[in-house]
Amino acid sequence: MVSKSFEFLFDFGGPNSFLAHKVLPELCEETGATVTYVPILLGGLFKITNNQAPMIRYAETPAKRNYEMLEFDRFVQAHAIPFKMNPNFPINSLHLMRGAVAAQHLGCFMPYVEAVMAAMWEEGANMGDPTVVREVLDKAELDGAAVLAKADDAEVKAELVANTEKAAARGAFGVPTFFVGDEMFWGKERLGQVSEALRSQL
């Protein structure tokens, strides 16, 4: 049997990445697929692709912005996700995403992802504050000091840049983005299509 797999490009700063993260375990169980998390920097991706956050792009189109929020709330309710809008939003996620790459190098990636996602979008922590980040990681029984120190390595910084540039080169312009092979799907609303693409894999 051929192993089914897909990629999940994410940034902690985007709440839609969090929502996708919360439903991926169910999708993987249903399809028998494995997911590879790929940390990228959303701000960097926006810059490369000349894109903007919805709150900026639709600032003068309130009906569109309001509908996006309606769909967001519907998704949260449909999947019973414990979501809390972070009062510090928007948060500069640069150091958090470097931390994700650092955690990959240190062998604690998924525990790091779980801790940061929960702190950002369930607990409302100010994850733009390095002191808070370290406290969150330590509470999750991770070595916060080690992760933050590793996040400052030139190698880690370059890897995050490379991930982001590669994402843009493949056609990504926002998060969450999924790749099943070379086929791209953007947005949590496309997870049904991701599932179908995985089911069609031989």
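For the structure, see preceding data.
Here's a quick rundown of the structure. Numbering of residues starts from 1 in every chain and runs along the sequence as written. Only residues with pLDDT of 70 or above have their local features reported here, since the model is predicted, and side-chain atom pairs are shown and tallied only from 80 upward, although totals for entire chains, interfaces and linings are computed over all residues. Hydrogen atoms and water are omitted, and side-chain values are computed over all heavy atoms in the structure.

### Structural notes on the packing of aromatic side chains
Between 30 and 60 degrees the pair is tilted, below 30 it is stacked and above 60 it is edge-to-face, where a pair is any two Phe, Tyr or Trp rings, Trp via its six-membered ring, whose centres lie within 6.5 Å. Applying the stated rule across the entire model yields 13 aromatic pairs. Arranged with centres 4.9 Å apart and planes meeting at 85 degrees, the rings of Phe8 and Tyr37 form a pair that is edge-to-face. Of this pair, Phe8 sits in strand β1 (residues 4-10) while Tyr37 sits in strand β2 (residues 33-39), placing them 29 residues apart in sequence. Accessibility classification places Phe8 together with Tyr37 in one group, the buried group. Measuring from centroid to centroid gives 5.8 Å for Phe83 and Trp121, while their planes differ by 15 degrees, and the two rings are stacked. You can see Phe83 sitting in the loop between α4 (62-78) and α5 (94-106) and its partner Trp121 sitting in helix α6 (residues 109-121), a full 38 residues away along the chain. Three exposure classes are used, based on accessible area relative to the maximum for each residue type with a 1.4 Å probe and protein chains only: buried under 20%, partly exposed in between, and exposed over 50%. For Phe83, a relative accessible area of 21% puts it in the partly exposed group. Among the aromatic residues, those joined into a ring-pair cluster are Phe8, Phe10, Phe12, Tyr37, Phe109, Tyr112 and Phe178. Placement of a positive charge over a ring is assigned whenever Lys NZ or Arg CZ falls within 6 Å of the ring centre and within 35 degrees of the normal to the ring plane. The aromatic ring of Phe179 is capped on one face by Arg170, whose charged end is 3.7 Å from the ring centroid. Cation over ring: Lys188 sits above Phe75, and NZ or CZ is 5.6 Å from the ring centre. Every helix listed is a DSSP run of H or I at least four residues long, and every strand listed is a run of E at least two residues long, numbered separately from the N terminus.

### Let's talk about α5
For α5, which comprises 13 residues, the first-to-last C-alpha distance of 18 Å matches the rise-based estimate of 18 Å (1.5 Å per residue) to within 8%. When α5 is considered as a whole, its buried residues turn out to be Leu96, Met97, Arg98, Gly99, Ala100, Val101, Ala102 and Ala103. Taken together, the buried residues of α5 touch β1, β2, α6, α7 (130-139), α8 (144-150) and α9 (154-169). Positive backbone phi, at 80 degrees, marks Gly107, one or two positions downstream of α5. The span one expects for a helix is its residue count, reduced by one, times 1.5 Å. We call two residues contacting when some pair of their heavy atoms lies within 4.5 Å.

### Overview of the pattern of salt bridges
Salt bridges are counted wherever a side-chain nitrogen of Lys or Arg sits within 4 Å of a carboxyl oxygen of Asp or Glu. Evaluated as defined, the whole model comprises seven salt bridges. Across the pair Lys22 and Glu122 runs a salt bridge whose closest N-O atoms are separated by 3.3 Å. Linking Lys22 in helix α1 (residues 15-31) with Glu122 in the loop between α6 and α7, this pair joins segments that are 100 residues apart in sequence. Since its relative accessible area comes to 32%, Lys22 is described here as partly exposed.

### Some points on the packing of α1 against α6
Direction vectors running N to C along α1 and α6 enclose 125 degrees, while the axes themselves pass 11 Å from each other. As far as their axial angle goes, α6 and α1 are oblique. Remark: the crossing between α1 and α6 carries left-handed chirality. Note on element contacts: α6 touches α1 through Met110, Val113, Glu114, Met117 and Trp121, opposite Pro15, Ser17, Phe18 and His21. Here an angle of 0 to 180 degrees is reported between the N-to-C directions of two axes, which are lines fitted to C-alpha atoms, with helices fitted over the stretch in contact. Throughout this description, any angle smaller than 35 degrees is read as roughly parallel, any larger than 145 degrees as roughly antiparallel, any in the 65 to 115 degree range as roughly perpendicular, and the remainder as oblique. Definitions for this section: a left-handed crossing has its near helix turned counterclockwise from the far helix by less than a right angle. A right-handed crossing has that turn clockwise.

### Considering the pairing of β1
The two faces of a sheet get side chains in turn, since along a regular strand they alternate between them. Counting buried residues in β1 gives five out of seven residues, a clear majority hidden from the surface. With the strands pointing away from the viewer, any crossover whose connection runs clockwise from the first strand over the helix to the second is right-handed. As a crossover connection, the stretch from β1 through α1 into β2 is right-handed. Any two strands with at least two DSSP-identified bridges between them are counted as paired. Across three bridges, β1 lies against strand β3 (residues 177-180) in antiparallel orientation. Residue pairing for β3: Glu7 is matched across the bridge by Phe179.

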